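# Close look at the chain arrangement
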Amino acid sequence: MKADALKAAFENFKLLLAGTFDFKDNATKRIKKEAMDEMDNFMLLCYGDLLGIPLPTTYYTLELLPYLAEDLEGWERRIMARKSIYGDRWGDFCC
């Protein structure tokens, strides 16, 4: 009985240490995801016409194309793979 209590206390202590020192990895993952989402939103505002969304600002954002060209193909794949942009964004905050 006492050995079980000691084992449970040791497991709880291991979980405490894992939670204490794992925050950096979780924070880094969340920051990378947020940065990717912001980049996707920016690309959607600039080049949404590539997906069939008519935007009047596309003419002006074409000046950015040489800087963003290497990210364009991956962005199109990520956006087209989403079922719903709103669902993905609200899924982070929902249960």
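Parameters at a glance
- Residues numbered from 1 in each chain as written.
- Predicted model: local features only at pLDDT ≥ 70, side-chain atom pairs only at ≥ 80, totals over all residues.
- Heavy atoms only, no water.
- Core = buried A, V, L, I, M, F, W, Y, C linked by side-chain atoms within 4.5 Å.
- Buried < 20%, exposed > 50% of the residue type's maximum accessible area, 1.4 Å probe, protein only.
- Contact = heavy atoms within 4.5 Å.
- Salt bridge = Lys/Arg side-chain N within 4 Å of Asp/Glu carboxyl O.
- Helix = DSSP H or I, 4+ residues; strand = E, 2+ residues; numbered from the N terminus.

So, on to the nonpolar core. One finds M43, L44, C46, Y47, L68, L72, W75 and I79 forming the largest nonpolar core, which totals 8 residues. Leave out the neighbours within four places in its chain, and Y47 touches T61, L62, L64, L65, L68, L72 and W75.

So, on to the pattern of salt bridges. Scanning the model with the defined rule gives 4 salt bridges in all. Across the pair E11 and K14 runs a salt bridge, and its minimum N-O distance is 3.7 Å. With E11 and K14 both in helix α1 (residues 2–21) and 3 residues apart, this pair spans about one turn of that helix. Across the pair D40 and R78 runs a salt bridge, and its minimum N-O distance is 2.7 Å. Of this pair, D40 sits in helix α2 (residues 23–47) while R78 sits in helix α4 (residues 65–81), placing them 38 residues apart in sequence. Since its relative accessible area comes to 32%, R78 is described here as partly exposed.

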